[in-house]
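One letter stands for each residue in the lines below.
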Amino acid sequence: MNVDSRYDVLRRRPRLLDGIIVGGLLLTTALVLAVWSWWLTLLSAAIIVPLWWRRTHPVAAAGAMAVFCVLQLATHESVLPADIAPLLAIYATAAYGVTRRRRLIGLALGVAGALIGGLRWGLLGSVATWEDYALRVVICTVALGMSAVGAWILGDLLRSRRAVLSRLQEQNAALERDQEQRAALAAQDERSRIAREMHDVVAHSLSVVVVQADGGAYAARSGSREATTALEAATTTLETIAATAREALAETRRLVGVLRAPDAGLELAPQAGLDAIADVVERTTAAGVPTTLESTGERAPVPRDAELAAYRVVQESLTNVMKHAGPGATAHVRLDHTPDGLIVAVTDDGLGAAVAHDGAGHGILGMRERVAVYGGTLHAGPRRGPGFAVTATIPVSSDVPAPTTTGAAS
């Protein structure tokens, strides 16, 4: 165990430290005074033992010591090893005193003890003149007073430092809570955005179903009279489809519409998908960041909302490239179509880890939330070398039908 580890152990267990101090002083006193005077040994123990309560009851401990110190000065002329204990008690009154009044009581006890001790020890011995006595009293008093005041100042500095650290810890905790709340709000905002976009996708599809069903019903009712039974059955089926689609569309709008901002209009047009990624690449290049697009593998049918997730990953990643990659950076977008899903990778050769993070953005969090909706994963971080990389894996079922936007009856 190194020195820092031992210090941490004592700091986390203050009663252990007090026990070591009290035990060390008692042992020293016993070794020095046991064979000299049992009375001084007991008196020294009475002075030392109150140190055990110096943290919990600092003023009471200092007062008890003051009583026994006065008794020592009245019965003994020499300085004892236990006389260091009052300095620790004065230090404790400043460091652990709850109120300013209690802390000043400790300082007053220290100054009073210095005056009494200076008079007692300054008058010991024999000198030629009273001036020599006075000088010795002044020297003893000043020395004892400086020791008492110095111990009190050290304790007050420790208390002030603890108060500053406590405020900093509270501020850090508040900042952490604020960051967590901001992240949660950003995640909730992204989920709301996803829900709105999914609503638009579903609404568009159901609208197409409604149009097709109504068109089929109209064609069936306009058919020849020779197949009346078949036409009536087809008509009933198409009307059921239309009614079900209308009900689903209304339910979708009612459930998810609350997530839309009051001033946001209803969008029934198809959302951006894989085909729109090329436009994002072109816009990024036009903005000053040369960007290339690569697509590998055989393109399989992908749900429209999964295409939207891939599009948003590319869009957000290239936005971050333009904001953070720095001058002269280039970017590359790669779409890998695999049997298990779609892999979207956006890399650049910009500043990467060297860029300073302002802590205000939640782009990566939003992308991760969006990809997680489909059971996918997203990894983002600096590359080995210059640049930054974002890789999203979006699972896609092999039996998903290809999205269609045509076929509505006219």
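None of these values were measured; they are calculated from a predicted model. Starting from 1, residues in each chain are numbered consecutively following that chain's sequence as written. Thresholds applied to this predicted model are a pLDDT of at least 70 for local features of residues and 80 or more for the giving and counting of side-chain atom pairs; totals over whole chains, interfaces and linings are not thresholded and use all residues. Where side-chain values are given, they derive from all heavy atoms of the structure, hydrogens and water being excluded.

Asks: Where do I start with a nonpolar patch on the surface in this structure?
Replies: Here a patch means residues that are over 30% exposed by relative accessible area and free of salt bridges, tied together within 9 Å if like-charged and within 5 Å if nonpolar (Val, Leu, Ile, Met, Phe, Trp, Tyr). Using the Shrake-Rupley algorithm and a 1.4 Å probe, accessible areas are obtained, with residue cover drawn only from the displayed protein chains. Salt bridges are identified by distance alone: a Lys or Arg side-chain nitrogen within 4 Å of an Asp or Glu carboxyl oxygen. A contiguous nonpolar surface patch, about 660 Å² in accessible area, is contributed by Val70, Val111, Leu115, Ile116, Val149, Ile153, Leu154 and Leu157. The numbering of helices and of strands both runs from the N terminus, where a helix is a DSSP run of H or I of at least 4 residues and a strand a run of E of at least 2. Elements with a minimum of two residues in the nonpolar patch: helix 6 (100-122) and helix 7 (130-221). A total of 4 residues in the nonpolar patch trace back to one element, the largest contributor, which is helix 7.

Asks: Looking at this structure, I do not really get the environment of proline 290. What am I missing?
Replies: When you line up the elements, proline 290 lands in the loop between helix 9 (277-286) and strand 1 (291-296). Summary of the burial criterion: residues with accessible area below 20% of their type's maximum are buried, those above 50% are exposed, and those between are partly exposed, where the area comes from a 1.4 Å probe applied to protein chains only. Residue classification places proline 290 among the partly exposed residues on the basis of a relative accessible area of 43%. Linking proline 290 and threonine 330, residues 40 residues apart in sequence, is a C-alpha distance of 5.0 Å. It only takes one pair of heavy atoms within 4.5 Å for two residues to be counted as in contact. When residues no more than four places from it in sequence are discounted, the contact partners of proline 290 are Thr285, Ala329, Thr330 and Ala331.

Asks: Just checking my understanding: could you explain the packing of helix 4 (residues 58-75) against helix 6 for this structure?
Replies: Geometrically, a packed helix pair is captured by the angle between its two axes and the distance between the axes. Here, axes are lines fitted to C-alpha atoms. For helices the fit covers the stretch in contact, and angles between N-to-C directions go from 0 to 180 degrees. Put simply, helix 4 and helix 6 touch, their axes get as near as 10 Å, and they point 10° apart. In this view, helix 4 runs roughly parallel relative to helix 6, as classed from their interaxial angle. Taken together, the residues of helix 6 that come into contact with helix 4 (itself represented by Val59, Ala62, Gly63, Ala66, Gln72 and Leu73) are Arg102, Ile105, Leu109, Ile116, Gly117, Arg120 and Trp121. Of the residues that constitute the contact of helix 4 with helix 6, the class distribution is 8 nonpolar, 3 polar and 2 charged. Between 65 and 115 degrees an angle is taken as roughly perpendicular, under 35 as roughly parallel, over 145 as roughly antiparallel, and anywhere else as oblique. Put simply, Ala, Val, Leu, Ile, Met, Phe, Trp, Tyr, Cys and Pro go in the nonpolar bin, Asp, Glu, Lys and Arg in the charged bin, and everything else, Gly too, in the polar bin.

Asks: Before we go on, may I ask you to explain the nonpolar core in this structure?
Replies: One broad rule of soluble globular proteins: the nonpolar side chains tend to lie buried together. In this description, a nonpolar core means a group of buried Ala, Val, Leu, Ile, Met, Phe, Trp, Tyr and Cys residues linked to one another through side-chain atoms lying within 4.5 Å. One finds Ile277, Val313, Leu318 and Val344 to be the most contacted residues of the largest nonpolar core, which totals 32 residues. Those elements that provide at least two residues to this core are helix 9, helix 10 (304-324), strand 2 (331-338), strand 3 (341-348), helix 11 (363-372) and strand 5 (388-395). Counting residues per element, this core draws most heavily on helix 10, at 9 residues. Grouped together as the second largest cluster of nonpolar side chains are 12 residues, Leu51, Ala62, Cys69 and Ala89 included.

Asks: Is there a simple way to explain the confidence of the model for the protein in this structure?
Replies: As a general rule, the predicted coordinates of low-pLDDT regions are not to be interpreted in detail. As a per-residue quantity, pLDDT reports the predictor's confidence and falls between 0 and 100. The share of residues in the protein with pLDDT of 70 or more is 70%, and the mean pLDDT across the chain is 76. Below a pLDDT of 50 lies the segment residues 356-361, which in the model reaches 2 contacts outside its immediate sequence neighbourhood of four places, other chains included. Scored below 50 in pLDDT, residues 398-410 shows 16 contacts in the model against residues more than four places distant or in partner chains.

Asks: I would appreciate a short explanation of the pattern of salt bridges in the present structure.
Replies: Here the idea is simple: oppositely charged side chains can pair when their charged atoms come close. The full count for this structure, using the stated rule, is 5 salt bridges. Note that arginine 334 and glutamate 294 form a salt bridge whose closest N and O atoms lie 3.0 Å from each other. Taken as a pair, arginine 334 in strand 2 and glutamate 294 in strand 1 lie far apart in primary sequence, 40 residues in all. Judged by relative accessible area, which is 31%, arginine 334 ranks as partly exposed. Across the pair aspartate 336 and arginine 334 runs a salt bridge whose closest N-O atoms are separated by 2.8 Å. Three or more residues joined by partner-sharing salt bridges are found here, namely Asp275, Arg299 and Glu307.

Asks: Honestly, helix 5 (residues 85-96) in this entry has me stumped. Any pointers?
Replies: Residue pairs three or four apart in sequence face the same way in an α-helix, which turns once every 3.6 residues. Here helix 5 spans 16 Å end to end across 12 residues, near enough to the 16 Å set by a 1.5 Å rise per residue. Of all 12 residues making up helix 5, 9 are buried, and the element is well covered by its neighbours. When helix 5 is considered as a whole, its buried residues turn out to be Ala85, Pro86, Ala89, Ile90, Ala92, Thr93, Ala94, Ala95 and Tyr96. What a helix is expected to span follows from its residue count: subtract one and scale by 1.5 Å.

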